[in-house]
Amino acid sequence: SSFSGFASVPVKGSCCSYSSLAWAFQTRCSISAPWNVTVKQCRQSSFFNTLTADELWKGALAETGVGVKKGRGKRRKKKLRKNLNKGQEIGEGRSGFLWPGLNAPMIQSGRVQAVTQRKKEERERIQSEIVQQRDMWEKKRKIKIKREGGWSGKCWGGVILDPPDPGPNGETYEDFETRVIEVKNVFCMKAKEGRKKSIRALVAIGNGKGAAGFAMGKAGDRMNALRKAKNKAIRCLHFIELYQNHTIYHDITVKFKSTAIRMKKQNKGYGLRCHRAIITICKLIGIKDMYAKVSGSKNLINITRALFKGLTQQETHQQLANQKSLYVVEFREEQGPLPIVVALPEGTVREDPEPEDEVPDTKLEWSEVKEAQGMKKSPWAN
């Protein structure tokens, strides 16, 4: 004989857990009248399921002013946000159940799928793949990447970085080389947090064929600042004309704020004799022979800005010929006193020559004047 009885089933508006409802049906209870029953899952509320993930991370990392004011993370290494879902798949577990809509398709062959379980061999294979993948991640985390040396041992200047991130259309920048110019700690006073530290990075990028650029990035940690700077630099490129693909077209004198740079055109084989930051940027541009002297402030940001300002303002021989409407000639050592025509004007040639001042308006460097007069001596000479 079948057992008949009554079970407490919640009416509309109330809630109960799935386990109690399943137990009620397992005891073969019969309901005398058809009711409108609404089953609602009820979870115990706590601190962790009432707040969102972003709010929980803010409290853990002391990103808000209140957290910093309370002293969380003071004088300690800055904590970074971690992706706790990395390597996890929703619905996957050791039991190997296939949940429609999570790790299995909801509808297959026109039928709604039921909850099934994988075979034992397939479960073991999937678990071994997950363990192998996690071991590989652990090994990668422990490997210390040896970065190439920069200008000096502990200096970030001159260090090579990876190419910038791919663009929105999938374009890559493998032919561009990225170099660090400066990495510096900067501070900002906040009303609640006080003295807040950030990292500022100056990065230059170039392909060695005249296309180059630079940018600055600022972030709470070094790697994010470098990533921001190189991704910004690839969007701020300048094209610099090169004379015979090895030097500049003419001597340049440029000033930016309190930094002045004098650049001289040189013959092949001369090399780069200049400030180490200028050498790094010239290699990225493709300049192989040049002399440059920096006077005034040696601030690396000012030096970089002044260098790009001077190189982008230089005039090619053809531009000079069109501007003056005259032939542009060049004197070289191997030709002696004979000039070499390097550019012709595109329009008509002007008949009257270029006017010359009675007293040439030339700004002389005192060190060069002393050297020309034989007054400059080595401090090591007897």
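Notes on the structure follow. (Residues numbered from 1 in each chain as written. Predicted model: local features only at pLDDT ≥ 70, side-chain atom pairs only at ≥ 80, totals over all residues. Heavy atoms only, no water.)

**Some points on the pairing of strand S7 (residues 194-206)**
Two faces make up the sheet, and in a regular strand the side chains alternate between them. Where strand S6 (residues 177-190) meets S7, 13 bridges bridge the pair, whose relative direction is antiparallel. The residue bridging valine 183 from the neighbouring strand is alanine 201, located in S7. Here S6 folds back onto S7, and the loop between the two strands holds 3 residues. As consecutive antiparallel partners, S7 and strand S8 (residues 211-219) are separated by 4 residues, and within that stretch glycine 208 has a phi angle of approximately 75°, a positive value. (Pairing = 2+ DSSP bridges. Helix = DSSP H or I, 4+ residues; strand = E, 2+ residues; numbered from the N terminus.)

**Focus on the packing of aromatic side chains**
Counted under the stated rule, the structure contains 4 aromatic pairs. With a centroid separation of 5.7 Å and 40° between ring planes, the pair formed by phenylalanine 97 and tryptophan 99 is classed as tilted. According to the relative accessible area criterion, phenylalanine 97 is partly exposed, its value standing at 32%. Given a relative accessible area of 37%, tryptophan 99 falls into the partly exposed group. Relative to phenylalanine 308, the ring of phenylalanine 214 has its centre 4.9 Å away and its plane inclined at 35°; by these criteria the two rings are tilted. Taken together, the residues span a long stretch of sequence, with phenylalanine 214 in strand S8 and phenylalanine 308 in helix H8 (residues 300-312) at a distance of 94 residues. Here phenylalanine 214 and phenylalanine 308 have matching classes, each one buried. (Phe/Tyr/Trp six-rings, centres within 6.5 Å; stacked < 30°, edge-to-face > 60°. Buried < 20%, exposed > 50% of the residue type's maximum accessible area, 1.4 Å probe, protein only.)

**A few points about the sheet that holds strand S12 (residues 272-273)**
With mixed pairing, 4 strands are arranged side by side in an open sheet as S10-S11-S13-S12. Two strands lie at the open edges of the sheet, namely strand S10 (252-256) and S12, each paired on one side alone. With 5 bridges joining them, S10 and strand S11 (residues 259-265) adopt antiparallel strand pairing. When the bridges of S11 are listed, isoleucine 252 appears paired with methionine 263. Across the face of the sheet, H8 comes into contact with S10, S11 and strand S13 (290-296) while running at roughly 135° to S10. (Contact = heavy atoms within 4.5 Å. Axes fitted to C-alpha atoms, helices over the stretch in contact; angles between N-to-C directions.)

**Regarding the packing of helix H7 (residues 276-285) against H8**
Look at H7 against H8: their axes get within 10 Å of each other, and the N-to-C directions meet at 40°. Judged by the angle between their axes, H7 and H8 are oblique. Between H7 and H8 lies a crossing whose hand is right-handed. Of the residues in H8, those in contact with Ala277, Ile278, Ile281 and Ile285 of H7 are Leu300, Ile303, Thr304, Leu307, Phe308 and Leu311. When the residues that make up the contact of H7 with H8 are grouped by side-chain class, the tally is 9 nonpolar, 1 polar and no charged. (Parallel < 35°, antiparallel > 145°, perpendicular 65-115°, else oblique. Left-handed = near helix turned anticlockwise from the far one by under 90°. Nonpolar A, V, L, I, M, F, W, Y, C, P; charged D, E, K, R; others polar.)

The values are spatial; any link to function lies outside them.
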